[in-house]
Amino acid sequence: DTEVTQTPKHLVMGMTNKKSLKCEQHMGHRAMYWYKQKAKKPPELMFVYSYEKLSINESVPSRFSPECPNSSLLNLHLHALQPEDSALYLCASSQTSGGLEQFFGPGTRLTVL
Amino acid sequence: EDQVTQSPEALRLQEGESSSLNCSYTVSGLRGLFWYRQDPGKGPEFLFTLYSAGEEKEKERLKATLTKKESFLHITAPKPEDSATYLCAGYSSNTGKLIFGQGTTLQVKP
């Protein structure tokens, strides 16, 4: 089973709202990732968690706050977003963070009004 | 600077017309070259990992190859359901990041 699940599938929020994206995997992977993807562009790395510790933050604005409560779960907390943050947010996982294949979830389509 | 470049940007084929997608890379400390397929509005689907020059991997109508500077995704006798964007990515052990190319959008017409 190489499934990564993400909820919700779609999210519409105002600029003053607080919302969270959720990602889950049950493959025993110890590395988890958040990517942002704009239309007709490749995914852009936002955060990497390795063994539940944040190992890479790609200078992402503080209005995006990641959390890894346990080895199977990854959250992305959103607050005071801007319309330009509208995108497809992808979660991925890999066995470890050392260059093994990353398996992506279906994504959350976020629209910020 | 790490870079992955894919060509062509878009490719239109007739069903059954074989072709190749190119991925050229300059990635520091390359540890793995990955191919993904992405359908519109969905997450990338893992296809292949290649680790060494000369390595080849096959899956149905797809075959991926790797040299020291490029990777190719060969599509043999494609079908309309092969229409998608194909992404190539190199993992840099120096930065710990997957460096993606811009993708090749393939359209296969019946």
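All values derive from a computational prediction rather than experimental measurement.

A.B. asks: Before we go on, may I ask you to explain the overall build of chain B in this structure?
C.D. replies: Along the backbone of chain B there are zero helices and eleven strands. Its helices and strands in sequence order give chain B the pattern β-β-β-β-β-β-β-β-β-β-β, from N to C terminus. Each of the three principal axes of chain B carries a C-alpha extent, and together these read 45 × 30 × 20 Å. Pairs at least 24 apart in sequence give 55% of the contacts found in chain B among residues at least 6 apart.

A.B. asks: Looking at this model, I keep getting lost on the pattern of salt bridges. Mind explaining?
C.D. replies: Two side chains with opposite charge may pair up if their charged atoms get near one another. For the coordinates displayed, the defined rule picks out seven salt bridges over all chains. As a salt-bridge pair, B:Lys97 and A:Glu58 come within 2.8 Å of each other at their nearest N and O atoms. Of the two residues, B:Lys97 sits in strand β10 (residues 97-100) while A:Glu58 sits in the loop between β6 (53-57) and β7 (64-70), which places them in two different chains. Residue class for A:Glu58 comes out partly exposed when judged on its relative accessible area of 31%.

A.B. asks: What is the right way to look at the sheet that holds β7(A) in this model?
C.D. replies: The strands that make up a sheet are held in pairs by hydrogen bonds between backbone atoms, and each pair lies either parallel or antiparallel. All names here are of chain A. With antiparallel pairing, the four strands of this open sheet are ordered in space as β1-β3-β8-β7. With partners counted over all chains shown, the strands left at the sheet margins are β1 (4-7) and β7, one partner each. Strand after strand, the sheet turns through a mean of 20° between neighbouring axes, direction not considered. Judged from the five bridges that link them, β7 and strand β8 (residues 73-79) form a sheet pairing that is antiparallel. By the bridge assignment for β8, Ser65 is matched with His77.

A.B. asks: Sorry, what's going on with the side chain of B:Asp82 here?
C.D. replies: All names here are of chain B. Here Asp82 shows up in the loop between β8 (70-75) and β9 (84-92). Residue Asp82 is classed as buried on the basis of its relative accessible area, which comes to 6%. In terms of polar contacts, Asp82 uses its side chain to reach the side chain of Arg61, at 2.8 Å. What Asp82 contacts, discounting residues up to four positions off in sequence, is Arg37, Arg61, Leu106 and Val108.

A.B. asks: Explain the packing of aromatic side chains here, please?
C.D. replies: Geometry of an aromatic ring pair is reported as the spacing of the ring centres plus the angle between the planes. Following the criterion strictly, the structure yields nine aromatic pairs over all chains and no others. Taking the centre distance of 6.1 Å and the plane angle of 85° together, the rings of A:Tyr35 and B:Phe100 count as edge-to-face. Highlighted residues: A:Tyr35 in strand β4 (residues 31-37) and B:Phe100 in strand β10, drawn from two different chains. Judged by centre distance (5.9 Å) and plane angle (70°), the ring pair of B:Tyr36 and B:Phe46 falls under edge-to-face. Here B:Tyr36, found in strand β4 (residues 30-38), pairs with B:Phe46, found in strand β5 (residues 45-50); they are ten residues apart in sequence, far enough to count as distant. A network of ring pairs unites the aromatic residues A:Tyr33, A:Tyr35, A:Phe103, A:Phe104, B:Tyr36, B:Phe46 and B:Phe100 as a single cluster.

Parameters at a glance
- Residues numbered from 1 in each chain as written.
- Chains lettered and ligands numbered in written order.
- Predicted model: local features only at pLDDT ≥ 70, side-chain atom pairs only at ≥ 80, totals over all residues.
- Heavy atoms only, no water.
- Helix = DSSP H or I, 4+ residues; strand = E, 2+ residues; numbered from the N terminus.
- Contact = heavy atoms within 4.5 Å.
- Salt bridge = Lys/Arg side-chain N within 4 Å of Asp/Glu carboxyl O.
- Buried < 20%, exposed > 50% of the residue type's maximum accessible area, 1.4 Å probe, protein only.
- Pairing = 2+ DSSP bridges.
- Axes fitted to C-alpha atoms, helices over the stretch in contact; angles between N-to-C directions.
- Polar contact = N/O pair within 3.5 Å; in protein donor to acceptor, adjacent residues only side chain to side chain.
- Phe/Tyr/Trp six-rings, centres within 6.5 Å; stacked < 30°, edge-to-face > 60°.

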